[in-house]
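Given next are the chains, with one letter for each unit.
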Amino acid sequence: RTVLLLLSAISRSDVAAERSGQPARALTAAVAEHSPPGTRASRPRGGHVVWVELPATCDATRLHHDAVRAGISIGLGLLFSPTGRYRNCIRLNCA
């Protein structure tokens with residue numbers, strides 16, 4: 001259920017970003033509101049990428065597969081580590 005809430009929030013943040021003109025702020029607010037406790041998100045200062053660290057018990061690979069089925073693109077943190085770290089992290093583009 002948490003996964004569905006997070007994916008829905010990511011999707012809805014697009015609408016909020018269009019209204020506010022601040023996509024990174026809209027996305028981080030949506031993640032903060034709908035993520036499991038212990039989730040941390042970066043707050044980019046001019047960039048277009050939000051890094052999200054989910055609790056260690058969360059499976060970002062499963063979240064990725066669910067996101068693809070919902071038509072939402074997320075980057076797996078695992079892809080950005082040569083040592084296999086960041087299995088509970090995702091990268092979200094808010095451009």
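A. View of the packing of aromatic side chains. Throughout the structure, instances matching the rule amount to one aromatic pair. Ring geometry for W51 versus F80: centroids 5.1 Å apart, planes at 85 degrees, classification edge-to-face. Taken together, the residues span a long stretch of sequence, with W51 in strand β2 (residues 49-53) and F80 in the loop between β3 (75-76) and β4 (89-93) at a distance of 29 residues. Judged by relative accessible area, F80 falls into the partly exposed class, the value being 39%.

B. Examining helix α3 (residues 60-69) more closely. Buried residues of α3: A60, L63, D66 and A67, and no others. Projection of α3 onto a plane perpendicular to its axis shows the buried side chains occupying an angular sector of 120 degrees, all on one side. Exposed residues lying more than 90 degrees from the buried face of α3 are R62, V68 and R69. With a side-chain oxygen positioned 3.0 Å from the backbone nitrogen of T61, the residue opening α3 is D59.

C. Broad picture of helix α2 (residues 23-34). End to end, α2 covers 17 Å across twelve residues, agreeing with the expected 16 Å (1.5 Å per residue, within 8%). Taken residue by residue, α2 has A24, A26, L27, T28, A30, V31 and H34 as its buried positions.

Analysis parameters
Residues numbered from 1 in each chain as written. Predicted model: local features only at pLDDT ≥ 70, side-chain atom pairs only at ≥ 80, totals over all residues. Heavy atoms only, no water. Phe/Tyr/Trp six-rings, centres within 6.5 Å; stacked < 30°, edge-to-face > 60°. Helix = DSSP H or I, 4+ residues; strand = E, 2+ residues; numbered from the N terminus. Buried < 20%, exposed > 50% of the residue type's maximum accessible area, 1.4 Å probe, protein only. Arc of directions from axis to C-beta. Polar contact = N/O pair within 3.5 Å; in protein donor to acceptor, adjacent residues only side chain to side chain. Expected span 1.5 Å × (residues − 1).

Keep in mind these numbers describe shape, not what the thing actually does.
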